[in-house]
Amino acid sequence: MHIFFTGATGLIGRHLCPFLLHHHDITVLSRNPTKAKVLLGHRVNAVSSLDDVDFNTVDIVINLAGEPIVNKRWSDKQKAKIRDSRIIITQAISDAINQCHTPPHTFISGSAIGYYGRQGKTQVDENNTEPHDEFSHQLCKDWELAALKAESDDTRVCLLRTGIVLAKKGGALGKMLPAFKLCLGGPIGNGEQGMSWIHIDDMVQLILFLIRNQGISGAVNATAPHPVSNKQFSQSLGKALSRPAFMPMPAAVLNVLMGEMADLLTTGQFVVPKKALENNYRFHFSEIDAALKSLV
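None of the values given here were measured: they were computed from a predicted structure. (Residues numbered from 1 in each chain as written. Predicted model: local features only at pLDDT ≥ 70, side-chain atom pairs only at ≥ 80, totals over all residues. Heavy atoms only, no water.)

A. View of the pairing of strand β5 (residues 106–112). Counting buried positions along β5 gives six out of seven residues, so the element sits mostly inside the fold. Taken together, the four bridges between strand β4 (residues 60–63) and β5 define a ladder with parallel strand orientation. Residue pairing for β5: Ile-62 is matched across the bridge by Ile-108. (Buried < 20%, exposed > 50% of the residue type's maximum accessible area, 1.4 Å probe, protein only. Helix = DSSP H or I, 4+ residues; strand = E, 2+ residues; numbered from the N terminus. Pairing = 2+ DSSP bridges.)

Structure (C-alpha cells):
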C-alpha cells in the first residue's frame, strides 16, 4: 500500500517507519526532506508540501504531526503554536481527502488522552461523555473534529488518544531519568494523580493493528490496560533503576516554574483501552514494572 505519514521523525514515527517500510511505500511530510531521509532511510519518499501528494494514490494516512506540548511554558503564543501545528495540517489533509475521486480508505490521526481533561480517580474509556473543559480538552476536541471531516463511506477515521509513551530514548521517560538516576526522583504533588502510559512497542503494534483491522474507527485509547498513580510510577521507576524514589516535587513549585502547563503533571486520568481490548489487541506490556524494566 501507499502510506502518507506526517510526524514521521517524531518519537512514535521513528519507531513505526521501519515496520511499514517492510511492506509498503511510504511518503513522509517534512520541513526538511533531506534530514527526514537520513533519519528514516533512503527508501522513504520525503516531501515538503501537501501539494506534492496526490491523495488519490494514497491508501492510508497516518497523521502524527504537532509541536511538542511540554517543550515550552504555555504563553498565549505557545498555545496557539501547539494548536495550529496540529489542527491546520489535519484540516488540510481532510480537505485533500474530500477532494479525491479515490480517497484513502484509512485516516489514522493523532489525539491524546488530554481529551478527557482531569478526571480524578475515575477510570475512563472511549465512552466517557464528561470531559473536563480545559486547554488540553479543547485542543484534542478541535484536533479530532478536523480529522473527522474526512470521514465518509470510503474513508474511516481512527483517532489515537495517546497516553504517556515510554521509550528508551526521548519522550517523557527521557526527561525523568536524569533526576531518578541521581536519586532525586519521586512523586509529583501528592502522587495520587493518574498516569496512563503505553510502551513504545505497543504504541507501534497498536497502529499496525488498526491498519489491519478495518472494522475499527473513531476514538481509540492508546494506553496500557493498567494505568497507575504518579506515586506508583515513581516507585516502579526507582525500582527499575535500583534507586530510591522518595524526593517529592511540590505542586506549588511546579506551578511557579511551569505555570498552567504544570496541570499536565499535577492532575491526570486513569484511562483504559476498552476498544483495543474489545477488538482482541493483546498488549505486550500491560504492567508498569515489566515495561520500565525493559526500557531502563
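Having put the structure on the table, let's press on.
B. The arrangement of the packing of aromatic side chains in detail. Summed over the entire model, instances satisfying the criterion amount to five aromatic pairs. A ring pair is formed by Trp-74 and Phe-135, whose centres lie 4.9 Å apart and whose planes are at 65 degrees; its orientation type is edge-to-face. Here Phe-135 lies in helix α4 (residues 135–148) and Trp-74 lies in the loop between β4 and α3 (76–98), a separation of 61 residues in the sequence. The two residues Trp-74 and Phe-135 agree in class, both being buried. (Phe/Tyr/Trp six-rings, centres within 6.5 Å; stacked < 30°, edge-to-face > 60°.)

C. Here's a closer look at the nonpolar core. Ranked by size, the top nonpolar core spans 39 residues in total, and within it Phe-5, Leu-20, Val-28, Ile-62, Met-203 and Ile-207 carry the most contacts. Counting only elements with at least two residues in this core, the list comes to β1 (2–6), α1 (11–21), β2 (25–29), α2 (33–40), β4, β7 (156–162), α6 (200–212) and β11 (218–222). When residues of this core are assigned to their parent elements, the largest contribution, nine residues, is made by α6. Not counting residues within four places of it along the chain, the set of residues in contact with Met-203 comprises Ile-12, Leu-160, Thr-162, Val-165, Ile-198 and Ala-222. If you look at the next biggest cluster of nonpolar residues, it comprises 19 residues, including Val-53, Phe-55, Ala-96 and Ala-150. (Core = buried A, V, L, I, M, F, W, Y, C linked by side-chain atoms within 4.5 Å. Contact = heavy atoms within 4.5 Å.)

D. Just the UniProt feature "domain: NAD-dependent epimerase/dehydratase" (unreviewed entry) in the protein chain, in detail. Mapped onto this structure's residue numbering, the UniProt feature "domain: NAD-dependent epimerase/dehydratase" (unreviewed entry) falls at residues 4–213. Counting secondary structure, residues 4–213 comes out at 38% helix and 19% strand; the distance between its end C-alpha atoms is 18 Å. (UniProt positions renumbered as here; feature names shortened; annotations may be inferred.)

E. Summary view of the side chain of Asn-128. Mapped onto the elements of the fold, Asn-128 is located in the loop between β6 (123–124) and α4. From its side chain, Asn-128 meets the backbone nitrogen of Glu-130 in a polar contact 3.0 Å long. Contacts of Asn-128, omitting those with residues within four sequence positions, involve Tyr-116 and Gln-119. (Polar contact = N/O pair within 3.5 Å; in protein donor to acceptor, adjacent residues only side chain to side chain.)

F. Examining the sheet that holds β4 more closely. Strand order in the open sheet formed by seven strands is β3-β2-β1-β4-β5-β7-β11, with parallel pairing between adjacent strands. Both outer strands of the open sheet, β3 (45–47) and β11, are each paired with one neighbouring strand and no more. In this sheet, neighbouring strand axes are inclined to one another by 20 degrees on average, regardless of whether the strands run parallel or antiparallel. Contacts between α4 and the sheet are confined to β4, β5 and β7, with β5 contributing the most and set at about 175 degrees to the helix. (Axes fitted to C-alpha atoms, helices over the stretch in contact; angles between N-to-C directions.)

G. Up close: a positive patch on the surface. A cluster of like positive charges, contributed by Arg-31, Lys-72, Lys-77 and Lys-81, occupies part of the molecular surface. Relative to the helices and strands, Arg-31 is located in the loop between β2 and α2. A relative accessible area of 86% places Arg-31 in the exposed class. (Patch = residues over 30% accessible without salt bridge, like charges linked within 9 Å, V, L, I, M, F, W, Y side chains within 5 Å. Areas by Shrake-Rupley, 256 points an atom, 1.4 Å probe, with all protein chains shown as cover. Salt bridge = Lys/Arg side-chain N within 4 Å of Asp/Glu carboxyl O. Lys, Arg positive; Asp, Glu negative; His and termini not counted. Charge placed at Lys NZ, Arg CZ, Asp CG, Glu CD.)

H. Seen up close, the state of the cysteines. Enumeration according to the criterion identifies zero disulfides in this entry. The closest cysteine sulfur to the non-disulfide-bonded Cys-17 is located on Cys-158, 18 Å from its own sulfur. On the accessibility criterion, Cys-17 (1% relative accessible area) is buried. Cys-140 carries a free sulfur, and the closest cysteine sulfur to it, the one in Cys-158, is 16 Å from it. Cys-140 gets classed as buried once you look at its relative accessible area, which sits at 3%. (Disulfide = S-S within 2.5 Å.)

I. Seen up close, the pairing of β7. Of all seven residues in β7, seven are buried; the element is thus mostly enclosed. Taking every second residue as pointing to the same face, both faces of β7 are buried, with Arg-156, Cys-158, Leu-160 and Thr-162 on one and Val-157, Leu-159 and Arg-161 on the other. Across five bridges, the pairing between β7 and β11 is parallel. Paired with Cys-158 across the strands is Gly-218, a residue of β11.

J. Geometry of the environment of Leu-160. Along the polypeptide, Leu-160 turns up in strand β7. For the pair Leu-160 and Leu-208, spaced 48 residues apart in sequence, the C-alpha to C-alpha distance is 12 Å. For Leu-160, the residues in contact, after removing those within four places along its chain, are Leu-64, Ile-108, Ser-109, Gly-110, Ser-111, Ala-112, Met-203, Ile-207, Leu-210, Val-220 and Ala-222.

K. Expanded view of the UniProt feature "domain: DUF1731" (unreviewed entry) in the protein chain. When the UniProt feature table is mapped to this numbering, "domain: DUF1731" (unreviewed entry) covers residues 249–295. In the segment residues 249–295, helix accounts for 53% and strand for 4%; the C-alpha atoms at its two ends are 24 Å apart.

L. The arrangement of unusual backbone geometry in detail. The backbone of Cys-183 sits at a positive phi, close to 65 degrees, despite the residue not being glycine. Inspection of the secondary structure assignment puts Cys-183 in the loop between α5 (171–181) and β9 (194–195). With a phi angle near 70 degrees, Asn-280 is a residue other than glycine that sits in the positive phi range. Looking at the element boundaries, Asn-280 is found in the loop between α10 (274–278) and α11 (288–295).

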